[in-house]
Amino acid sequence: MEAGRDDAEERGTVVTPSAEFPPLDAEERAALGRIGARWRGPRRPDDLPVDPTLGRHDHRPRPTRFGRLTPIDLFTVAEPDELVATGPAYLPGGRAGRVAARLRRAVVGPPLASSSVLYERMRKLVALPVLSSDLLSSVAYGPEAMLAVLVLAGGAALGLALPLAALLAVLMVGVGLSYRQTIPAYPHGAGSYLVAGDNLGRTPGLAAAAGLMLDYVLTVSVSVAAGVHAVTSAVPGITRWAVPLGVLVIVGLLAGNLRGVRTAGNIFVLPTYAFVAVVLAVLAVGYAKAAARGFAPTPPPAVPAAEGLGLLLVLRAFSSGAVSMTGIEAVSNAVPAFRPTEWRNARTTLGWTLVTLVTLFAGLVGLIHLDGLVPRADETVLSQLGRVTFPTGPWYAILQATTALILLLAANTAFNDFPRLLFFMARDGHAPRRFLHMGDRLAFSNGLVALALAAASVFVAFGGHTERLIPLYAVGVFLAFTLSQTGMVVHWRRRRGRGWRRRLVVNAVGATLSGLVLLTAAVAKFTEGAWVVVVAVPLLVLLFRRIHRHYATLHRALALHPPPPGPAGPVEGEELPQQVRHLVVVPVARLNRASLRALAYAASLGRPALAVHIAPEDAEADRFREQWRAWGDHLRLETIVSPYRSVIGPLAHYLEALHAARPELTLTVIVPEVVLRRRRHRLLHSRAEQRLRAALRALPGVVVTSVPVHVAR
């Protein structure tokens, strides 16, 4: 794992589009040189019938028959032997494609050049609300989740809220300080996944990644559910539209994030700062009123006990309140998204976020206790607190509006970190490589879409109810916390740099506290739904390992090796042109312009060629051979009678038999193909070319190509 760490450090903290194209290692580069030394091609590399620079200065641009510039003018010369595609080169050729491209640009904006990735970073004032919106918004439902469990034992049990809140504040500080140490130690991001994998092994790293992925999906679902609940608390008439409204919000978040990190950050800055300011105003006014009455708490309303007050109930309340910490790892996961110096700006941002979180959480729990508020099914505790604090004026409406906004937009933290986590996993081969791709706006579009689909599915499946989703919440995120901080303990023991003992103690405290919350949440909330996460994490780890096994097998199959001396080996192992032995096969259904063009193309290659005709009966086979002789019998013809009238099956099996007879041959199947301009006309044709291509794709040593004939109308 140490080598993986060094490799990650060598690649730096910048996430670039080039990650889709990893460089060759030293062994493969050496093999490539040895292969090239034995390469004997048919002509010199510069012996080409066309100028590869497109002869841009040889003629003036001319419009085509469609009214556009010639394709030559879609490229510019940047350096010798290098062309750069211009904007029009990315537009589709068809009318429907161009309309779709314009709609896409209207939604996500014009594409950004790859060189702009360095400018798509966030400064601290933008990064704080973007990456901490999930963490700070959780104070809107975290205290209520804790009180909702305590109230099951009656109103008297609500007095335990203050000591539990104090313990949670200690937990927040301990875990937050631990992640502050993680940031400079792992400035390339990926947080818990990379830290646990580097120090504890691949399986713990994948377990941390699985926990984080579940946390991010639930972050979107819970945040949107809580935001919709805040809206319906103020406007009860739209309660029945809660689920469609939540799905619409998720779609809006997806569209905003597809516009890029910087644009999305500018969208979500104001709601977070507004929420923090309004909640601080609530705390200031609320505590001023409490001071006027000598901080005497208002007795809560009488609530009958539904359960006995025991250790299990207290542990459930503690783990429910711990959801206020979800998102504390977001900054450490997104270090590369900061402006230089990345790790320093990220650590400062996390420090300010931690101070704000503890202030808001502790202040709200204390004020709720002083005002004697209890959870209600029809109204959130924060809404009740707003009504008590601001009985008149517009401030209650402002509180509800900012609360709804930050809860609805808190999911943006997950939209920042989930695709980035998938990027690092895909770079290591534990997730599909399509998650390495950066979209038009330099955002990880595939990861964003995957998160939106997963979160919307969970939201709809649970009916948009926050209380049903929260039991699933704590297990995954605290699993990642525990593994990450344990990994940092191992990291300091290995490195033993200056002050390593103090740093080890800080991370050990964070690991211990996170582990206690993990065990508490897993046991206390197991029957309430936490079992889903307990089962899902091992299954996801197994899935990640299977994906890695596939990519490892693929890499071994495609890795470069020095060509062995002597005769050619297996047909798909040929790497030198002099080793390739060709047989060109042309399936011919009837003699027309399309088939004659394919036959002419096959003959022009200068390789042995064979034409094959599938006939449904002997009479048709005789008739076709007579036409073939009339043409001149320029190529060898083989006719196959198919008495059951099937064409694709017999032809595929015949080619397979040819390959079995001479495994060293490369069969190049040239298929004549009629290309129709209008889509509706395709329904009038059998499209046998596509079916033949699909049937031959699985055969080794078979190359399928087509010779098109375009029909103008």
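Cut-offs and rules
Residues numbered from 1 in each chain as written. Predicted model: local features only at pLDDT ≥ 70, side-chain atom pairs only at ≥ 80, totals over all residues. Heavy atoms only, no water. Helix = DSSP H or I, 4+ residues; strand = E, 2+ residues; numbered from the N terminus. Expected span 1.5 Å × (residues − 1). Buried < 20%, exposed > 50% of the residue type's maximum accessible area, 1.4 Å probe, protein only. Axes fitted to C-alpha atoms, helices over the stretch in contact; angles between N-to-C directions. Left-handed = near helix turned anticlockwise from the far one by under 90°. Contact = heavy atoms within 4.5 Å. Pairing = 2+ DSSP bridges. Right-handed = clockwise from strand over helix to strand, strands pointing away. Arc of directions from axis to C-beta. Phe/Tyr/Trp six-rings, centres within 6.5 Å; stacked < 30°, edge-to-face > 60°. Lys NZ or Arg CZ within 6 Å of the ring centre and 35° of its normal. Core = buried A, V, L, I, M, F, W, Y, C linked by side-chain atoms within 4.5 Å.

Draft legend 1. Examining helix α8 (residues 202-234) more closely. Helix length check: α8 (33 residues) gives 48 Å between terminal C-alpha atoms against 48 Å at 1.5 Å per residue, within 8%. Taken across its 33 residues, α8 has 26 buried, putting it largely inside the fold.

Draft legend 2. Fine view of the packing of helix α13 (residues 342-371) against helix α14 (residues 381-389). Relative to each other, α13 and α14 sit at 65°, their axes nearing to 11 Å. Note on packing geometry: the crossing formed by α13 with α14 is left-handed. Taken together, the residues of α14 that come into contact with α13 (itself represented by L364, L367, I368 and D371) are V381, L382, L385 and V388.

Draft legend 3. Local environment of the pairing of strand β5 (residues 636-641). In the sheet, strand β4 (residues 609-615) pairs with β5 via six bridges, with the strands oriented parallel. From the neighbouring strand, I614 faces β5, where its bridge partner is I640. One crossover worth recording links β4 to the parallel β5 by way of helix α23 (residues 618-631), and it is right-handed.

Draft legend 4. Spotlight on helix α24 (residues 648-661). Between its first and last C-alpha, α24 extends 20 Å over 14 residues, near the 20 Å set by a 1.5 Å rise per residue. For α24, the full list of buried residues reads I648, L651, A652, Y654, L655 and H659. On an axial view of α24, the arc spanned by its buried residues comes to 160°, and they lie on one face. Across from the buried face of α24, at angles greater than 90 degrees, the exposed residues are H653, A660 and A661. Check the buried side of α24 and you find it contacts β3 (581-587), β4, β5, β6 (665-676) and α25 (688-696).

Draft legend 5. Here's a closer look at the side chain of N199. Within the secondary structure, N199 is located in helix α7 (residues 191-200). A relative accessible area of 6% places N199 in the buried class. Contacts of N199, omitting those with residues within four sequence positions, involve Y186, G487, V490, H491 and R494.

Draft legend 6. View of the environment of Y654. Along the chain, Y654 falls in helix α24. Counting along the chain gives 14 residues from Y654 to I640, while the straight-line C-alpha distance between them is 9.0 Å. Those residues in contact with Y654, other than ones at most four positions away along the chain, are L610, V612, E638 and I640.

Draft legend 7. A look at the packing of aromatic side chains. This structure, assessed with the given rule, holds eight aromatic pairs. Summarising the aromatic geometry, the rings of Y179 and F481 are spaced 5.7 Å apart at their centres and angled 70° between planes, so their arrangement reads as edge-to-face. Here the residue Y179 occupies a position in helix α6 (residues 161-185), and F481 occupies one in helix α19 (residues 473-495), the gap between them amounting to 302 residues. Among the residues examined, Y179 registers a relative accessible area of 0% and is labelled buried. Consider the rings of Y216 and F418, whose centres lie 6.5 Å apart with planes at 85°: the pair is edge-to-face. With Y216 in helix α8 and F418 in helix α16 (residues 412-427), this residue pair connects regions lying 202 residues apart in the sequence. Residue F418 is classed as buried on the basis of its relative accessible area of 5%. One aromatic cluster is present, formed by Y179, F478 and F481 through successive ring pairs. Geometry around W492 places R503 over its ring, the cationic atom sitting 5.5 Å from the centre.

Draft legend 8. The arrangement of the nonpolar core in detail. Of all hydrophobic cores here, the largest spans 135 residues; its most connected members are V220, V224, F415, M425 and F478. Among the elements that line this core, the one with the most residues is α8, at 16 residues. Within the second largest apolar cluster, 20 residues are counted, among which are L610, V612, L667 and V704.

Draft legend 9. Structural context of the sheet that holds β3. Taken in spatial order, the five strands line up as β5-β4-β3-β6-β7 in an open sheet, and their pairing is parallel. Edge positions in the sheet fall to β5 and β7 (702-711), since each has one partner strand and no second. When strand polarity is set aside, the average angle formed by the axes of neighbouring strands in this sheet is 25°. Alignment of β3 against β6, held across five bridges, turns out to be parallel. Across the sheet, the residue bridging to L583 is L667, located in β6. Relative to the sheet, α23 contacts β4 and β5, its axis offset from that of β5 by approximately 170°.

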